[in-house]
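Analysis of the macromolecular model
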Amino acid sequence: MTSGEAEVSRRRLISGPGTLLVWLYGVMVVGAVSRSAYQIATEFDRAPLAYSLSAVAGVVYGFITYTLVRGGETARKVALACCVAELVGVLTVGTWTLVEPSAFPDATVWSDFGMGYLFIPVLLPVSAIYWLRKGAPEDRKGAPKEDAA
């Protein structure tokens, strides 16, 4: 692959709706990391599971943001896998907080499927998975093969 093709491949992940995804994931990184850092530093003994899960969410958001900005086919595949893992986490924690609220004396980013964050934590990975799958190169003869990561 030439450097020009690599640049086009990299740009493809953050063009159009991909730009909005990067922006939203960036906002979620700041929100989740700053919230969890403050809560872990000041009141960790109150709800260690909730605050730790918020920190994990922040790291996941950061990694997805990085892979979307990095671009390329390998980064797209990694971002897709991370978005699936994120969605599983949101659904698991969201269900857990509804079934056994006593396990969470304080909310996490993913509590109640992200209700405290306007449900962005559950909508964001679904949107990202759609966008990343839509942008996947086709494995047909003659289709361009990309691996810019």
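Further up the page is the structure itself.
Here we summarise the structure given alongside this text. (Residues numbered from 1 in each chain as written. Predicted model: local features only at pLDDT ≥ 70, side-chain atom pairs only at ≥ 80, totals over all residues. Heavy atoms only, no water.)

**Describing unusual backbone geometry**
Just so we agree on the cut-off: Strands here are runs of E lasting at least two residues and helices are runs of H or I lasting at least four, both read from the DSSP assignment and numbered beginning at the N terminus. Working definition: with a 1.4 Å probe on protein chains only, accessible area under 20% of the residue-type maximum means buried, over 50% means exposed, and in between means partly exposed.
Backbone geometry places Asp112, a non-glycine residue, at a positive phi of 50°. Counting through the fold element by element, Asp112 comes out in the loop between helix H4 (73-99) and helix H5 (120-134). The class for Asp112 is partly exposed, based on a relative accessible area of 25%. Look at Leu118: it is not a glycine, yet its phi comes out positive at around 60°. If you trace the backbone, Leu118 turns up in the loop between H4 and H5. Take Leu118: its relative accessible area is 69%, and that puts it in the exposed class.

**Comments concerning the packing of helix H2 (residues 17-43) against H5**
The condition is simple: Inter-axis angles, ranging from 0 to 180 degrees, are taken between N-to-C directions of lines fitted to C-alpha atoms, where helices are fitted over the stretch in contact. Here a crossing is taken to be left-handed if its near helix is turned anticlockwise relative to the far helix by less than a right angle, and right-handed if that turn runs clockwise. Working rule for contacts: check all heavy atoms of both residues, and any pair within 4.5 Å makes them a contact. Nonpolar residues are Ala, Val, Leu, Ile, Met, Phe, Trp, Tyr, Cys and Pro. Charged residues are Asp, Glu, Lys and Arg, and all others, Gly as well, are polar.
At their nearest, the axes of H2 and H5 sit 11 Å apart, and the two run at 145° to each other. Note on packing geometry: the crossing formed by H2 with H5 is left-handed. Along the contact surface, H2 presents Pro17, Gly18, Leu21, Leu24, Tyr25 and Met28, while H5 presents Ile120, Pro121, Leu124, Pro125, Ser127, Ala128 and Trp131. Looking at the contact of H2 with H5 residue by residue, the classes come out as 11 nonpolar, two polar and no charged.

**A short note on a nonpolar patch on the surface**
What counts is decided by this rule: Nonpolar side chains (Val, Leu, Ile, Met, Phe, Trp, Tyr) are joined into patches within 5 Å and like charges within 9 Å, using only residues with over 30% relative accessible area and no salt bridge. Note on areas: Shrake-Rupley with a 1.4 Å probe; residue coverage comes only from the protein chains shown. For this analysis, a salt bridge means a side-chain nitrogen from Lys or Arg found within 4 Å of a carboxyl oxygen belonging to Asp or Glu.
A cluster of nonpolar residues, Leu20, Trp23 and Val27, forms a patch on the protein surface that exposes about 330 Å² of accessible area. Relative to the elements of secondary structure, Val27 occurs in helix H2. A relative accessible area of 40% means that Val27 is categorised as partly exposed.

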